[in-house]
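Working through the structure, step by step
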Amino acid sequence: MILNTPLLIDGAWRAGTHAQRATVRDPATGAALGELTLASEQDMALALEAAQRGFEIWRKTSAYERSKVLGRAADLLRERAETIAQLITKEQGKPLAEARVEAGGAGDHVDWYAEEGRRAYGRVIPPRQRGARQIVLREPVGPVAAFSPWNFPVSQLVRKIAGALAAGCSIIAKGPEETPSSCIEMCRAFQDAGVPAGVLNLLFGVPAEVSSFLIRSEVIRKVSFTGSVPVGRSLGALAAQHLKRCTLELGGHAPFIVCDDADIEAAAALGASLKFRNAGQVCASPTRFFVQSSAYDAFVSAFASQAARLVVGAGAAAETQMGPLAHARRVDAMAGFVADARECGATVQVGGERVAGTDGFFFQPTVLVDVPDHARVMRDEPFGPIATVLRFDTLDEVIARANALPYGLAAFAFTRSIATATRLADDLECGMVSINHFGLAAPETPFGGWKDSGYGSEGGSEGLDAYLQPKFVSQIGI
Ligand code: NAD
């Protein structure tokens, strides 16, 4: 039922009228869960008209009122977190414990933006002439087109919705066709909290058709996309052609640097939990584990035994520590990375194979060692449960290797030396550095990449800025 009427347009849930439908599957079994109706051009045109009307209403609603509505949405999301978590696991596959963290955190993101929206202060600039006032107002940029992926169906989308709404923008969100139900339930919470019709619209469709239609429209003033580098590049180009502001949160290939003065056991335990979380389908997932030579053997042994012990299974099973990949094409991609690495001379220390005897999209937690730099897994983002472990000798060397790829999203490091930690924080070319712990993705901190990993940030005050534009007002009494 939920898949029949998945589009939220102008405050009403309706079926998509596109001739095509998308099949939603349970990644733990490969079985079809249902058919998702998709948006046609006619549906998208209605959404654009609704977003324009919604913007006129919402921009004139005070920041104080907007904050109250968002606060109610945050409370509803917390009340409904268990239902939403179950839907995430059913369609995306991650273990229920991880889905609960994702769904449970959605309210916190909304609360943060609800508060931050009330503090979207402008400024007063001292004038050159007595009696004059020079004021900078910060105004909502306009209707937003947002595109979010399937790996975190709730937490990727909630940041876009809450940021846009807190700033006074309306939004048309295209959710992920693979994992629609949790997005639908999340949007229902905003609607039930009192977000007026047209302010929040949700679409599913043929991705390239939706982005092309929405970004070209004169109604849309801002584009926000999370996904792969190639798609980000093409949406960024389209946004530039039509002079739309754009935030891109793209892929990564994060270095995880373990210096020989670090707590090696702790580094291996955290490294494994970060690597195999959501079966590695995380843009900030560590992928290249650089370990200083004298600590290398100890780290490989501890890390490999953590990976080998992981219980892989359906996300809904209580004992599962790593679920399936989100769809069949990711399993093929993992098999391709491992085959190529083997041909290049790498050794498979743990895993390396599809899980046999199931129609689900499972791939074993995989640890590769002795991987040469020309192997594809060293250049392309694996976006799955594959770790490469590499040796280094000096800080200069590891910083150069960590920075050698065009990606620049996240980096992790383990060391007991403040001097080393400071040097790494200064010299790693990426948007986020986390040292001796996992400290990324809180609502109040910026999340975003450098270089090919995109531009702009979500989260933190930067996340609100992305939906605001300055207006300078100069006035004098006559
Ligand atoms: P993909 O490149 O086909 O799609 C990535 C995402 O972009 C999907 O959500 C998809 O629906 C969307 N998309 C694709 N074409 C689009 C278009 N023309 N307009 C609008 N949206 C479009 O890859 P995939 O097989 O779905 O995912 C694998 C790759 O995607 C990974 O290698 C990873 O790099 C990337 N990815 C990144 C993130 C992230 O958090 N940054 C999330 C999911 C996927």
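Residue positions are given per chain, counting from 1 as you read along its sequence in written order. Where totals are concerned, whole chains, interfaces and linings use all residues; where local detail is concerned, this predicted model gives features only for residues with pLDDT of at least 70, and gives and counts side-chain atom pairs only at 80 or more. By convention in this description, side-chain values take in all heavy atoms of the structure and omit both hydrogens and water.

Points about the environment of E209
For the record, the criterion: Note on conventions: DSSP H or I runs of at least 4 residues are helices, E runs of at least 2 residues are strands, and numbering of each starts at the N terminus. Classification of residues uses two cut-offs on accessible area relative to the type maximum, computed with a 1.4 Å probe and protein chains only: under 20% is buried, over 50% is exposed, and between them is partly exposed. Between two residues, a contact is recorded if the distance between any of their heavy atoms is within 4.5 Å.
You can see E209 is positioned in helix α7 (residues 207–216). Accessibility expressed as a relative area gives 35% for E209, which makes it partly exposed. On a C-alpha basis, the gap between E209 and S40 in space is 8.7 Å, while along the polypeptide they are 169 residues apart. Setting aside residues no more than four positions away along its own chain, E209 makes contact with H18 and M44.

Focus: the packing of α7 against helix α8 (residues 229–241)
For the record, the criterion: The axes are straight lines fitted to the C-alpha atoms, using for helices just the contacting stretch, and the angles between their N-to-C directions are given from 0 to 180°. Orientation categories follow fixed angle ranges, with anything under 35 degrees roughly parallel, anything over 145 roughly antiparallel, 65 to 115 roughly perpendicular, and all other angles oblique. Helix crossings fall into two classes, left-handed where the near helix is turned counterclockwise from the far one by less than a right angle and right-handed where it is turned clockwise. Amino acid classes used here: Ala, Val, Leu, Ile, Met, Phe, Trp, Tyr, Cys and Pro are nonpolar; Asp, Glu, Lys and Arg are charged; the rest, including Gly, are polar.
Remark: α7 packs on α8, axes separated minimally by 9 Å, with the N-to-C direction vectors making an angle of 20°. By the angle between their axes, α7 is roughly parallel relative to α8. Taken as a pair, α7 and α8 cross one another with a handedness that is right-handed. Two secondary-structure elements touch here, α7 through S211, S212, I215 and R216 and α8 through L235, L238 and A239. Split by residue class, the contact of α7 with α8 holds four nonpolar, two polar and one charged.

Concerning the packing of aromatic side chains
Rules: Ring geometry is summarised as follows: Phe, Tyr and Trp rings, the Trp one being its six-membered ring, pair when their centres sit within 6.5 Å, and such pairs are stacked at plane angles under 30 degrees, edge-to-face over 60 and tilted between the two.
Under the counting rule described, the total for this entry stands at nine aromatic pairs. Taking the centre distance of 4.8 Å and the plane angle of 40° together, the rings of F256 and F289 count as tilted. You can see F256 sitting in strand β12 (residues 254–258) and its partner F289 sitting in strand β13 (residues 286–292), a full 33 residues away along the chain. The pair F256 / F289 is uniform in exposure class, with both members buried.

Examining the pattern of salt bridges
Selection criterion: Criterion for a salt bridge: a side-chain nitrogen of Lys or Arg within 4 Å of a carboxyl oxygen of Asp or Glu.
With the rule as written, the count across this model stands at 25 salt bridges. Residue R78 is joined to D108 by a salt bridge in which the shortest nitrogen-to-oxygen separation is 3.1 Å. Of the two residues, R78 is situated in helix α2 (residues 63–79) and D108 in helix α4 (residues 96–117); the sequence distance between them amounts to 30 residues. Among the salt bridges present, the one from D192 reaches R80, with a minimum N-O distance of 3.0 Å. Here R80 lies in the loop between α2 and α3 (81–92) and D192 lies in helix α6 (residues 180–192), a separation of 112 residues in the sequence. Of the residues examined, R80 reaches a relative accessible area of 23% and is grouped as partly exposed. Salt bridges sharing partners connect three or more residues here, namely D75, R78, D108 and D111.

Points about the UniProt feature "domain: Aldehyde dehydrogenase" (unreviewed entry) in the chain
In plain terms, the rule: UniProt positions are given in the numbering used here, feature names are shortened, and annotations may be inferred rather than shown by experiment.
When the UniProt feature table is mapped to this numbering, "domain: Aldehyde dehydrogenase" (unreviewed entry) covers residues 13–473. Between the C-alpha atoms that bound residues 13–473 the distance is 41 Å, and the span itself is 41% helix and 21% strand.

What to know about the nonpolar core
Keep this limit in mind: Each nonpolar core is a collection of buried residues, namely Ala, Val, Leu, Ile, Met, Phe, Trp, Tyr and Cys, held together in the definition by side-chain atoms within 4.5 Å.
Formed by 85 residues in total, the largest nonpolar core has its most connected members in F190 and L214. For this core, the element with the most residues is helix α5 (residues 155–167), which contributes eight residues. Ignoring any residue separated from it by four or fewer positions in sequence, one finds L214 in contact with M44, L48, A145, F147, I172, L203 and I220. Listed in part, the 65 residues of the second largest apolar core include A272, L274, A307 and A402.

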